[in-house]
Amino acid sequence: MRHTRLSRSAPRGGGRLPLAVALLVAGTAAVVAPASAQAAEEEVTPGASAVTASTSDENGPANVVDGDLGTRWSGEGDGAWLQLDLGSTRTVSEVRLAVHQGTSRQNVFELQYWNGSRWVTVYDGQSSGTTTALESYEFAPVQTSRIRYLGHGYEGEGEGDWNSLTEVEVWSGTGDDDGGGGGAELPSQVLDLSDWKVTLPIGDDGDPTEIFQPELDGYSHDSYFTVNEAGDGVRFRAPVNGVTTGGSSYPRSELREMEEGGGDETEWSSTSGTHTMTVREAFTHLPEDKPHVVGAQIHGGDDDVTAVRLEGSELWITEGDESNHHLITDDYELGTVFEVRYVVSGGEIDIYYNGQLETTLDHSDSTNYFKAGAYTQANCGNSSPCSSSNYGEVEIYDVTVTHGDGSGGDNGEGGGGQPTDGTEAAVRYDWGTPHPISDEFDYTGPVDPERWAVPSGDVGGTEGCWAGHANNGRRCAKNSAVADGILTMTGEANGDTGWLRQRLETQYGRWEIRSRSRNVGDSGETYHPLHLIWPTAGNRLENGEYDWVEYSNPDAQCLTSFMHYPQSPTDEKERTDLCPVDMTEWHNFAFEWTPEALVGYVDGEEWFRYSDGANEDRGNIQDMPSGHLNIQLDNFTGESGLRPAVFEVDWVRFYEVTT
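This one's a predicted model, so the numbers in the text were calculated from it and none came from an experiment. Along each chain, numbering runs from 1 in the same order as the chain's sequence is written. For this predicted model, a pLDDT threshold of at least 70 governs which residues receive local features, and a threshold of 80 or more governs which side-chain atom pairs are given and counted, while totals over whole chains, interfaces and linings are taken from all residues. Side-chain metrics in this entry use all non-hydrogen atoms of the structure; hydrogen atoms and water are not considered.

**Q** So, the state of the cysteines: which residues are in play, and what are the values?
**A** Cysteine sulfur atoms are paired as a disulfide whenever they come within 2.5 Å of each other. What the rule picks out here adds up to 3 disulfides. Two residues share a disulfide in this structure: Cys465 and Cys476, whose sulfurs sit 2.0 Å from each other. Note on the Cys465 and Cys476 pair: the S-S dihedral is about 115°, so by sign convention the disulfide is right-handed. Of this pair, Cys465 sits in strand 26 (residues 465-467) while Cys476 sits in strand 27 (residues 474-476), and the two are 11 residues apart along the sequence. Only DSSP runs of H or I covering at least 4 residues are called helices, and only runs of E covering at least 2 are called strands; the numbering of each starts at the N terminus.

**Q** How would you sum up the sheet that holds strand 26? Please name residues and give values.
**A** One bridge is not enough; two strands pair if DSSP finds at least two bridges between them. Strands sit in the order 26-27-30 across an open sheet of 3 strands; the sheet is mixed. Here the strands that pair on one side only, and so sit at the sheet edges, are strand 26 and strand 30 (496-497). Across 3 bridges, the pairing between strand 26 and strand 27 is antiparallel. Residue pairing for strand 27: Cys465 is matched across the bridge by Cys476.

**Q** Just give me the short version of the sheet that holds strand 38 (residues 598-602), but keep the residues and values in it.
**A** Read across the sheet, 7 strands follow the order 28-29-41-32-37-38-39 without closing on themselves; strand pairing throughout is antiparallel. Single-partner strands in this sheet number two, and they are strand 28 (480-483) and strand 39 (605-610). Averaged over all neighbouring strand pairs, the angle between strand axes comes to 25°, with direction disregarded. In the sheet, strand 29 (residues 486-491) pairs with strand 41 (residues 645-655) via 5 bridges, with the strands oriented antiparallel. Pairing of Leu487 across the sheet is with Val649, part of strand 41. All axes here are fitted lines through C-alpha atoms, helices being fitted over the stretch that makes contact, and every angle between N-to-C directions spans 0 to 180 degrees.

**Q** Help me get a handle on the pattern of salt bridges, residues and values and all.
**A** We define a salt bridge as a side-chain nitrogen of Lys or Arg found within 4 Å of a carboxyl oxygen belonging to Asp or Glu. Tallied over the entire structure, the rule returns 30 salt bridges. Of the charged contacts in the structure, one is a salt bridge between Glu94 and Arg96, with a shortest N-O distance of 2.8 Å. Judged by relative accessible area, which is 2%, Glu94 ranks as buried. Where Asp571 meets Arg540, a salt bridge forms, and the shortest distance between an N and an O atom there is 3.1 Å. Here Asp571 is found in the loop between strand 35 (559-564) and strand 36 (573-578), whereas its partner Arg540 is found in helix 3 (residues 540-543), with 31 residues between them in sequence. Under the scheme applied here, a residue whose accessible area is under 20% of the maximum for its type counts as buried, over 50% as exposed, and between as partly exposed, the area being computed with a 1.4 Å probe on protein chains only.

**Q** Can you break down the pairing of strand 40 (residues 627-634) residue by residue, with the values?
**A** Of all 8 residues in strand 40, 8 are buried, a share of seventy percent or more. Here strand 40 shows two buried faces, one formed by Gly627, Leu629, Ile631 and Leu633 and the other by His628, Asn630, Gln632 and Asp634. Bridge analysis of strand 31 (residues 499-502) against strand 40 gives 3 bridges, and the strand direction is antiparallel. Along strand 40, the bridge assignment pairs Leu500 with Ile631. In this sheet, strand 40 lies alongside strand 33 (residues 528-535) in antiparallel orientation, the contact comprising 8 bridges. For Pro529, the partnering residue across the bridge sits in strand 40 and is Leu633.

**Q** So what's going on with unusual backbone geometry? Which residues, and what values?
**A** Cis peptide bonds are those with omega within 30 degrees of zero, and the linkage from Gln213 to Pro214 qualifies with 5°. Note on placement: Pro214 falls in the loop between strand 11 (207-211) and strand 12 (225-227). In the segment running from Ser384 into Pro385, the intervening peptide bond is cis, with an omega of 5°. In this structure, Pro385 sits in the loop between strand 23 (368-376) and strand 24 (391-404). The phi dihedral of Gln557 falls on the positive side, at around 60°, and the residue is not glycine. Within the secondary structure, Gln557 sits in the loop between strand 34 (545-550) and strand 35.

**Q** So, the pairing of strand 41: which residues are in play, and what are the values?
**A** When you tally the buried positions in strand 41, you get 10 out of 11 residues, the bulk of the element. Pairing geometry for strand 32 (residues 509-519) and strand 41, over 10 bridges, is antiparallel. Directly across from Glu512, in strand 41, lies its bridge partner Arg653.

**Q** So, the side chain of Asp496: which residues are in play, and what are the values?
**A** When you line up the elements, Asp496 lands in strand 30. Asp496 gets classed as buried once you look at its relative accessible area, which sits at 3%. Think of a polar contact as two N or O atoms within 3.5 Å of one another; within protein, one of them needs to be a possible hydrogen donor and the other a possible acceptor, and neighboring residues in sequence only count if both atoms come from side chains. A distance of 2.7 Å separates polar atoms of two side chains, one belonging to Asp496 and the other to Arg474.

**Q** Tell me about the environment of Pro535, and name the residues and values.
**A** The topology assignment puts Pro535 in strand 33. With 93 residues separating them in the primary sequence, Pro535 and His628 have C-alpha atoms 6.6 Å apart. For this analysis, residues touch if any pair of their heavy atoms sits within 4.5 Å. With near-sequence residues (within four places) excluded, Pro535 lies in contact with Arg540, Asn543, Gly544, Glu545, Met624, Ser626, Gly627 and His628.

**Q** So, the packing of aromatic side chains: which residues are in play, and what are the values?
**A** Working definition: a ring pair exists when centres of Phe, Tyr or Trp rings (six-membered ring for Trp) sit within 6.5 Å. Plane angles under 30 degrees give stacked, over 60 give edge-to-face, the rest tilted. With the rule as written, the count across this model stands at 28 aromatic pairs. Measuring from ring centre to ring centre gives 6.3 Å for Trp73 and Tyr149, while their planes differ by 85°; the resulting arrangement is edge-to-face. One end of the pair, Trp73, is in strand 4 (residues 73-76); the other, Tyr149, is in strand 8 (residues 135-156), with 76 residues separating them in the sequence. Between the aromatic rings of Tyr123 and Tyr137, the centroid separation amounts to 5.1 Å while the plane-to-plane angle is 55°, which identifies the pairing as tilted. You can see Tyr123 sitting in strand 7 (residues 119-126) and its partner Tyr137 sitting in strand 8, a full 14 residues away along the chain. For the pair formed by Tyr123 and Tyr137, the shared burial category is buried. Put simply, the rings of Tyr508, Trp511, Tyr546, Trp548, Phe591, Trp593 and Phe654 touch in pairs and so form one group of aromatic residues. In this scheme, Lys NZ or Arg CZ marks a charge over a ring once it lies within 6 Å of the ring centre and within 35 degrees of the ring normal. Positioned over the ring face of Tyr154 is Arg105, at 4.1 Å from the centre of the ring. It is Arg237 that lies over the ring of Tyr391; its NZ or CZ is 4.0 Å from the centre.

Here you go:
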């Protein structure tokens, strides 16, 4: 059975594809060509110390960069990966691979790049099976610091789950002239500028030039607002001698959000609705003497609310006039692409960097708006030379804004009015309004008995406890409680842990859960967090089981799924691994079960897809007769020697599937 991990669904609404989605689509059409078919500009393959792998036998990962086709890396298992750290952000458009036994095996694999917050697939396919020499895999140019080979075994003379490569090369270049996403000529061909204006560091003192829609869609400025050389980002540049606005002594080349269509300036309240901006960008140049530049911000009324500000190599989050409120990193390198996301709701601003929450600010005001670009924090009074050659510069590769007014529906809120940060599969793929069985955990105390079943009985003399997984310790109702908008399931050192079953039995559905897990003890065997669909009738060998989130230790930064076939006496199953994923941080985990397939998502990105597969030993994988959601923190150890842990859930949402 063949499975892919690429989303085939189109984004909501019209307009151009977001960059990451466009690259996914381009990747599915990537072709295998001889290595000499297109000359790349520069080889950027790192040295042996920068090559790592999730697993290997005696044939280690360093062998793929030793220039010897007689040595190899071999890693066993569907999902085994090989990663090359480029050391800094580079433009990559080609990876060359040499396959061990490449004339008899066709390796099944994905090529992925790190976009600052997640792995994005740009090629999903097979090697040719005709050569042991290097073969070229080309794709639209991407900005990245890491490349990964994600292996799914091989086909050809037999098939197996070993992943073996003798050599890997990474090449930097701009790709073909018609580039398929890297050949943009106008900023509006890279970014959706429909609801923006741009302010430039030219014009009259106190009254700089501003370009509005519809003119903005056809506008660029060779120096200060233009497409970068790779054609995949927009360059914003502001020199220290640039014209400034009346309320600032510093120049800017910066977008300011506008009302729909870009005609008038917009404002929104931080206490009403949910307001989100996500920017993928890189600082690329700093002014002399005072090397400070702002790359994204929330502005309110006449003053900054918060900004992402680079000072030399220190990347800061500001709060009001406090420029050094929260340090993100002290070793930022120019050109490193990152993602910053602001989520504003209920009088608070959550600020994420590469998907991780950095800080939360209290803020109540109704005159807010988003800005992004290069706001140089230097001028001719504190930086020399006083010329256009002395400037701050930022490149932006993607920027999106959503707003929700609290009434539900689109634009920053999920169906039914739930807040969204834009990385939910339900929002991305229009799953509609959550079923009433869903739970936002907006109460305090035990879990809602109308939505959840908990353990019963009195094993060990405690009411509400029964035997644990494989009779290890106990599962107890007392170990699942709600407070401060969070469900916390607790695993104790004595083996007591939690278990919940959603009071809904169904064949087919879509579930999405925002969760994380943390070890809170210092030593001992670790608990095992799971989200799974358990068959209503029990007996997984007959009816199947879908473990769509499973891991044994959140600190290991790996996520696994196990999809068990129904009608399979030998318990045949499919396994998918995703690494690295920091399971101690919040993520949105989604599972889609339809008559056609089983699909898993992490933060809105598809990571596994299985369908059919029936043979004499099993039924089709999606044919469980009926099931229900379980949330478990499993004890695989016993009644002692466990490391205390918590499994935290922000919300659980279920969406019906119409068949």
